[in-house]
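# Close look at the chain arrangement
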Amino acid sequence: MARIGRAIVRVPRRISKGQVFKVQMVITHPMETGLRKDKKTGKLIPAHYLTRIEFLFNGKKVTTIHSGPGISKNPYFAIMMKATESGTLTIKYEDNKGGKWEKSLKVSIA
Amino acid sequence: MFTRRDLFKLAGVGAAALLMAPGSVKESFGVKKISIDDALKQHLGVTLKDLKQSNLITVKAPTIAESGANVPVQVKANIPVEQVEAIYIFADNNFNPWVTKVELSPMNGEVFFATRIKLAKTSPVRAVIKMKDGSLLMAFKEVKVTVGGCG
């Protein structure tokens with residue numbers, strides 16, 4: 001499984017001030033529950049899932065998602081955000097095996 | 001363990017029949033299933049009957065999910081975001097019913113969260129909203145699953 005932790009983040013192209021807009025993201029991650037068995041070997045596949053996803057805007061916390069193995073493989077999350085000023089949206093996320101990633105993008109408000 | 005055939009039958013009998021047998025503890029792979037009450041107690045300190053149902057919250061999910069591995073769920077609430085602390089999602093019949101906790105802030109603008117979750121089998125999907133004053137509001141949607149996703 002290559003490229004675990006790769007994320008795609010989408011925001012609308014045009015955002016006007018005061019608008020509430022949607023932020024969507026998809027992270028490449030296996031999200032193993034630890035309950036599934038490998039069909040070939042019969043052994044349990046160790047749990048491997050995202051535990052925490054943090055959305056920060058200009059360093060201020062917007063949303064924190066505490067996730068567990070109940071979230072689907074290659075998780076999709078969508079939140080709403082209110083546009084007050086232009087800035088950088090940073091998303092930090094980590095999994096139960098110590099993997100840590102960060103993704104930033106510029107959000108400009110017209 | 002259910003066979004696939006049983007599962008189809010159950011889906012046919014419908015939600016009511018499933019709700020008749022709550023709290024049935026099942027062992028699988030040596031892992032004990034956590035009941036919805038235990039999960040609620042662990043995360044919120046309440047049991048199911050303490051939760052008030054609210055029509056301010058909408059849970060959008062398919063009525064029938066073809067695959068339990070990938071069930072889109074959308075939670076929306078008609079409550080000012082300033083009063084909300086967090087959204088919780090629970091799926092009653094999962095091995096661990098707790099799915100996610102989403103902490104919101106006034107910067108969200110409105111109470112909204114969407115994701116895709118796994119369902120082991122047919123189960124109500126519950127959204128619980130924790131308010132800043134400590135009160136809890138709940139709404140749920142019954143989702144029928146034809147193929148489980150936590151197996």
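A few points on the structure. None of these values were measured; they are calculated from a predicted model. (Residues numbered from 1 in each chain as written. Chains lettered and ligands numbered in written order. Predicted model: local features only at pLDDT ≥ 70, side-chain atom pairs only at ≥ 80, totals over all residues. Heavy atoms only, no water.)

## A word on the overall build of chain A
If you tally the helices and strands in chain A, you get zero helices and seven strands. With 110 residues in all, chain A has 46% of them scored as buried. Accessible surface, chain A: about 5,900 Å² in total, of which carbon and sulfur atoms supply 48%. Taking the average location of the 22 positive side-chain charges in chain A and that of its 7 negative ones, the two points are 7 Å from each other. (Helix = DSSP H or I, 4+ residues; strand = E, 2+ residues; numbered from the N terminus. Buried < 20%, exposed > 50% of the residue type's maximum accessible area, 1.4 Å probe, protein only. Areas by Shrake-Rupley, 256 points an atom, 1.4 Å probe, with all protein chains shown as cover. Lys, Arg positive; Asp, Glu negative; His and termini not counted. Charge placed at Lys NZ, Arg CZ, Asp CG, Glu CD.)

## So, the side chain of D92(B)
Mapping D92(B) onto the fold places it in the loop between β7 (84-91) and β8 (98-103). In contact with D92(B), other than residues within four places in its own chain, are K33(B), I36(B), P97(B), S123(B), P124(B) and R126(B). (Contact = heavy atoms within 4.5 Å.)

## What about the packing of aromatic side chains?
All names here are of chain B. In the structure shown here, the tally under the stated rule is three aromatic pairs over all chains. Taking the centre distance of 6.2 Å and the plane angle of 10° together, the rings of Y88 and F90 count as stacked. Judged by relative accessible area, Y88 falls into the buried class, the value being 3%. For F90, a relative accessible area of 0% corresponds to the buried category. The side chain of R126 reaches across the aromatic face of F140, ending 5.0 Å from its centre. (Phe/Tyr/Trp six-rings, centres within 6.5 Å; stacked < 30°, edge-to-face > 60°. Lys NZ or Arg CZ within 6 Å of the ring centre and 35° of its normal.)

## Overview of unusual backbone geometry
Residues and elements named next belong to chain A. One non-glycine residue with positive phi stands out, namely N58, at about 50°. Turning to its location among the elements, N58 is positioned in the loop between β3 (50-57) and β4 (60-67). Taking relative accessible area as the criterion, N58 reaches 37% and is therefore assigned partly exposed. If you check the backbone angles, N74 has positive phi at about 50° while not being a glycine. If you trace the backbone, N74 turns up in the loop between β4 and β5 (76-82).

## What to know about the interface of chain A and chain B
Counting residues at the interface gives 31 residues for chain A, matched by 27 residues for chain B. Summed over both partners, the interface of chain A with chain B buries about 2,500 Å², with 57% contributed by carbon and sulfur atoms. The interface formed by chain A and chain B holds zero salt bridges in total. Where chain A meets chain B, there are 18 residue pairs in polar contact (both at pLDDT 80 or more). Mapped onto the side of chain A that touches chain B, the elements with two or more residues apiece are β2 (20-27), β4 and β5 of chain A. (Buried area = accessible area lost by both parts, 1.4 Å probe. Salt bridge = Lys/Arg side-chain N within 4 Å of Asp/Glu carboxyl O. Polar contact = N/O pair within 3.5 Å; in protein donor to acceptor, adjacent residues only side chain to side chain.)

## Focus on the environment of N74(A)
For N74(A), a relative accessible area of 29% translates into the label partly exposed. Residues N74(A) and A7(A), spaced 67 residues apart in sequence, show a C-alpha to C-alpha distance of 9.3 Å. Excluding residues that lie within four positions of it along the chain, N74(A) makes contacts with V26(A), I27(A), T28(A), H29(A), M31(A) and R116(B).

## Things to note about the pattern of salt bridges
If you walk through the whole model with that rule in mind, you get five salt bridges over all chains. In this structure, the salt-bridge partner of E32(A) is R36(A), at a minimum N-O distance of 2.6 Å. Given a relative accessible area of 12%, E32(A) falls into the buried group. Among the salt bridges present, the one from E103(B) reaches K101(B), with a minimum N-O distance of 3.5 Å. Residue class for E103(B) comes out partly exposed when judged on its relative accessible area of 25%.

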